[in-house]
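Structure assessment
Chain by chain, the residues:
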Amino acid sequence: MIWEPRYECMSREDMQATQVERLQTVVREVYEKVPFYKMIFDKQGVKPRDVKSLEDIKRLPFTEKEALMENYPFGMFAVPLKEVVRVHASSGTTGKQKVVGYTKRDIRTWSNLIARIVTMAGVTDEDVAQICFGYGLFTGGFGLHYGLEKVGAMVIPASTGNTEKQITMMQDFGTTALIATPSYAMYMVEVAEDMGVDTSKLKLRVGLFGAEPWTENMRKEIERRWNIKAADNYGLTELVGPGVAGECECCDGLHINEDHFYPEVIDAKTGETLGCGEVGELVFTSLTREAFPIIRYRTRDISMLIDEPCACGRTTVRMKKVTGRADDMLIIRGVNIYPSQIESVLMGTEGVAPHYQLIVTRKGYLDDLEVQVELSGEKFTGKFKELEELEKNLKYKLNKVLMISAKVKLLEPRSIERTVGKAKRVIDLRPKE
Ligand code: DLL
C-alpha cells in the first residue's frame, strides 16, 4: 500500500513544479522573518526573487549546525512563539542544544510523513507497534508515535529501558512491529534469548530501525535473530526528526519525502553540487516547515541519491543507506576510516557478536586503532587456538578493507556496555589539537 500516491508517485515534472513553488515560498518567508537568513543571503548577494528554478538553489548559502547553536534557543523560528505548539531538541557532542519548533500544521504534516514511511515498511492498521525510542526532547518517540496512530496501528509507547519488561510486553500484547535503534534491537534480542524466549514464536513480523547508521550485515543479523523483516528509516531533528526518508519493501535505498525536503548531495570539501550516483554529503532544504524552515542544511551524513525507478511504484528520489557521518570519520595515520567499514568486516565474520568499540590512541606521533569486539556466545568454545585464528583472520580482513593495520581485542560475551538509544562506537583518546 502507498499512503499518499498523489505525491509519492508523482511524475518528475509535477514533483519539480511542486518543489520550485514551495522553494520560492520558503525562501521568501525566511528572508522576511528570520534575521539570520536575511544576513547570510545579503552576505552572499542573493535575493529571494533570484530563485527562479530548482537549479537556482545553488546560489543560496548553506546552513551549518553552528547556526542553530548560535541562535539558541528560538532565534531561527519563523513564527511568533504563540504559534509554536511543540519543541524538540538534539544535543550535539559539544556546545548548546539544537532546538526546533513545530506549529499545529507542522505536527500534522509530520504525522503524515511518518504514516508514509511506516506504510512503506509494511505497517498497517492491523499492527501492534511497540515504540522503543525515548519519549522526550528526542524526536524518535513522539515522531513515530503520531504517524503510527495515523495509520491506525495500536501503539505501545514503551520508550527505552526496562528491557525485560519490554520483552514480556511484546509477548503479552502481541507486538507485531518493533520501532527502535538497530543497536537497541540487538540488545533486546539478547535479553529475549536470555529469558528463554523463542523469538520465532513471537508475533513480531516487521521492524523499523533508524536514528543511527547500520550495515546490511547488521540487518541480516537482526532479521535472523528476531525472525522479522527490517526496514531502515532516516531523519534528523533539524529537519523534523524521523520522517525524512524510509525504505519500502524493495530495500534498495530510502525514498525521500522530497515534496517536503529537497535533497542535494555535495562535495564536502568544495561545496559543489554532485549528480545522482555520486557519493557526498547530504544537504536538505525544508519546503513546508512553518515554525522552523531550514535552507540547504549540511547534515554531515554521507550518502548518494538514486533517481532510477523503484519496483514499488513510488517515483520519489531515493538515498542510499547512510554509511556514516563526515564527523564520524576517523583519520588514522592519514587514512580516512568510517566505523561502518569496520562493522561490515565484523558482521561478516563468524564467531564475533555485533557489539564492538573502536579505541583510538596516539603514542608519540603515531595513531593506534584497536578494534574491540565481543565473541559470540553461540560460537565461543574457549579454545586458545581458535581465538588466535579468529584474531588473525579479523586483522587480515580489516587490513585489507582499511589499508592500515589495526589491533584486534576479543572480549568475552557481554562485556561492552549496552545502550538503549544510539550506540557509542568510537572512543577517541587522542589529545585534541
Ligand atoms: O535520530 C531522528 C530519528 C529518530 C531518525 C528515529 C530515525 C528514527 P537526531 O538525533 O537529530 O535525529 O540525529 C540525526 O542521526 O544526521 C544521522 O547522522 C543519524 N541517523 C538518523 N537516522 C539514520 C539512519 C534522529 N537511518 C542523525 N541511518 C543524522 C544512519 C541515521 N544514520
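Residue positions are given per chain, counting from 1 as you read along its sequence in written order. Local features in a predicted model are, by the rule used here, given only for residues with pLDDT of at least 70; side-chain atom pairs are given and counted only at 80 or more, and totals for whole chains, interfaces and linings are based on all residues. Note that water and hydrogens are dropped before the side-chain values are worked out from all heavy atoms of the structure.

With respect to the site of the ligand
Residues are counted as near a molecule or strand when any one of their heavy atoms sits within 4 Å of it. Taken together, 22 residues surround the ligand, and among them D232, N233, T237, D301 and K422 come closest. Residue N233 places a main-chain N or O atom 2.7 Å away from a nitrogen atom belonging to the ligand. Separating an oxygen atom of the ligand from a side-chain N or O atom of T237 is a distance of 2.5 Å. When isolated, the ligand has an accessible area of 610 Å², and the protein chains bury 94% of it. Starting at the N terminus, helices and strands are each numbered in turn, a helix being any DSSP run of H or I of at least four residues and a strand any DSSP run of E of at least two. Of all elements in the fold, only α6 (139–151), β7 (229–236) and β8 (241–247) reach the threshold of two or more residues within the shell around the ligand. Considering each element in turn, the shell around the ligand owes the most residues, 5 residues, to β7. Residues are grouped as follows: Ala, Val, Leu, Ile, Met, Phe, Trp, Tyr, Cys and Pro are nonpolar; Asp, Glu, Lys and Arg are charged; all remaining types, including Gly, are polar. Residue composition of the shell around the ligand, grouped by class: 8 nonpolar, 8 polar and 6 charged. Whenever two N or O atoms come within 3.5 Å, that pair is a polar contact, provided that in protein one can donate a hydrogen and the other can accept it, and provided that, for residues adjacent in sequence, both atoms are side-chain atoms. Accessible areas in this description were obtained via Shrake-Rupley with a 1.4 Å probe; residue shielding takes into account the shown protein chains only.

Observations regarding the sheet that holds strand β16 (residues 324–325)
Taken in spatial order, the 5 strands of this open sheet run β11-β10-β12-β13-β16, and their pairing is antiparallel. Across the chains shown, the open sheet's two edge strands, defined by having one partner strand only, are β11 (273–274) and β16. Of the pairings in the sheet, the one linking strand β10 (residues 261–266) to strand β12 (residues 280–286) comprises 6 bridges and is antiparallel in character. Within β12, the residue paired with E264 across the bridge is V283. DSSP calls a pair of strands paired once it identifies at least 2 bridges connecting them.

As for the sheet that holds strand β19 (residues 352–363)
Strands pair in a sheet through their backbones, by hydrogen bonds, and they do so in one of two ways: parallel or antiparallel. Strand order in this open sheet of 4 strands is β21-β20-β19-β22, and the pairing throughout is mixed. The open sheet has two edge strands with one neighbour each: β21 (407–411) and β22 (426–428). Across the sheet, the mean angle from the axis of one strand to that of its neighbour is 20°, orientation sign disregarded. Here an axis means a line fitted to C-alpha atoms, over the contact stretch when the element is a helix, while the angle between two N-to-C directions is reported on a 0 to 180 degree scale.

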